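Here's the letter readout for the chains.
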Amino acid sequence: MTSTDTPAIPLTQLGVVLTDRGSRYAVTGAPVTSRGQVDQVLADLKQDRSYAKATHNTWAALLPTGGLKADDGESGAGMVILRMLEREGLRDHIIIVTRWYGGKKLGGDRFRRVQDAVRAYLEHRAG
């Protein structure tokens, strides 16, 4: 939760950008420069009950101190996001890919869906 003496960090939420076999994927991003800000963004996102109840909120951030990532149960997905941030040169930023599980395992396709969601966010930022 954001306290009154901590300025709010603006979130860019694209909402659900794709679906695959019932699973829905959303993407969110924000400027961050510290682990504390990463935690604040995640807490702010989860103020929305649907994001708090999502199956996975996988994220990565490139901070001045280096890269951080978390899979949130979607093994390997945080690294996918981190590599895309590095390739894009997008520093001081967090990207969160949210998945609501649709009942069918996606296998390796889940990494392609994470990439698709991150690409949608990067295109939105560039556009």
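All residue numbers refer to position in the chain's written sequence, counted from 1. This being a predicted model, a pLDDT of at least 70 is required before a residue's local features are given, and a value of 80 or more before pairs of side-chain atoms are given or counted; all residues contribute to the totals for chains, interfaces and linings. The basis for every side-chain value is the complete set of non-hydrogen atoms in the structure, without hydrogens or water.

**Structural notes on the packing of aromatic side chains**
Each pair of aromatic rings is reported with the distance of its centres and the angle of its planes.
So, point 1. Two aromatic rings from Phe, Tyr or Trp, using only the six-membered ring of Trp, form a pair when their centres are within 6.5 Å; if the ring planes differ by under 30 degrees the pair is stacked, by over 60 it is edge-to-face, and anything between is tilted. As enumerated under the stated definition, the model contains 1 aromatic pair in all.
So, point 2. When the centroid spacing of 5.3 Å and the interplanar angle of 70° are considered together, the rings of Tyr51 and Trp100 count as edge-to-face. Of the two residues, Tyr51 is situated in helix 2 (residues 49-52) and Trp100 in strand 5 (residues 93-100); the sequence distance between them amounts to 49 residues. For the pair Tyr51 and Trp100, a shared accessibility class is recorded, and that class is buried.
So, point 3. Counted as over-ring charges are cases with an Arg CZ or a Lys NZ within 6 Å of the ring centre that also lie within 35 degrees of the ring normal. Over the ring of Trp100 we find Arg24, and its NZ or CZ is 4.7 Å from the ring centre. Starting at the N terminus, helices and strands are each numbered in turn, a helix being any DSSP run of H or I of at least four residues and a strand any DSSP run of E of at least two. Summary of the burial criterion: residues with accessible area below 20% of their type's maximum are buried, those above 50% are exposed, and those between are partly exposed, where the area comes from a 1.4 Å probe applied to protein chains only.

**Let's talk about unusual backbone geometry**
So, point 1. A positive phi angle, near 50°, is found at Asp72, a position not held by glycine.
So, point 2. With respect to the secondary-structure elements, Asp72 resides in the loop between strand 4 (66-70) and helix 3 (77-88).
So, point 3. Owing to a relative accessible area of 36%, Asp72 belongs among the partly exposed residues under this scheme.
So, point 4. Even without glycine at this site, Asp92 takes up a positive phi of about 55°.
So, point 5. Residue Asp92 is classed as partly exposed on the basis of its relative accessible area of 29%.

**Quick notes on the pairing of strand 3 (residues 56-63)**
So, point 1. Burial within strand 3 is extensive, with 8 of its 8 residues counted as buried.
So, point 2. The side-chain alternation of strand 3 yields two buried faces, one formed by His56, Thr58, Ala60 and Leu62 and the other by Asn57, Trp59, Ala61 and Leu63.
So, point 3. Two strands qualify as a pair provided DSSP detects at least 2 bridges between them. Note: strand 3 against strand 5, 7 bridges, orientation antiparallel. Directly across from Thr58, in strand 5, lies its bridge partner Val97.
So, point 4. Note: strand 3 against strand 4, 5 bridges, orientation antiparallel.

**Overview of the nonpolar core**
Here is a general trend for soluble globular proteins: nonpolar side chains tend to be buried in one another's company.
So, point 1. Nonpolar cores are built from buried Ala, Val, Leu, Ile, Met, Phe, Trp, Tyr and Cys residues. Side-chain atoms within 4.5 Å join them into one set. Among the nonpolar cores identified, the biggest contains 20 residues, and Ile81, Leu85, Ile95, Val97, Val114 and Val118 are the most heavily contacted of them.
So, point 2. For this core, the secondary-structure elements that each account for two or more residues are strand 2 (23-31), strand 3, helix 3, strand 5 and helix 4 (109-126).
So, point 3. Examining the composition of this core, we find that 6 residues originate from one element, helix 3, more than from any other.
So, point 4. Contacts are residue-level and defined by heavy atoms, with any inter-residue pair within 4.5 Å sufficient. Discounting chain neighbours no more than four positions away, the residues touching Ile95 are Val27, Thr28, Gly29, Thr58, Trp59, Ala60, Ile81, Leu85, Leu90, Val118, Tyr121 and Leu122.
So, point 5. Counting residues in each nonpolar core, the second largest holds 16 residues, with Val38, Ala61, Leu63 and Ile94 among its members.

**Section: the environment of Asn57**
So, point 1. Within the secondary structure, Asn57 sits in strand 3.
So, point 2. Judged by its relative accessible area of 4%, Asn57 falls in the buried class.
So, point 3. Residues Asn57 and Trp100, 43 residues apart in the sequence, show an inter-C-alpha distance of 9.1 Å.
So, point 4. Not counting chain neighbours up to four residues away, the residues in contact with Asn57 comprise Leu45, Lys46, Tyr51, Asp72, Ile96, Val97 and Thr98.
So, point 5. Polar contacts, as counted here, are pairs of nitrogen or oxygen atoms within 3.5 Å of one another; within protein the pair requires one atom able to donate a hydrogen and one able to accept it, and residues that are adjacent in sequence qualify only if both atoms are side-chain atoms. For Asn57, the side chain forms a polar contact with the side chain of Thr98, separated by 2.6 Å.

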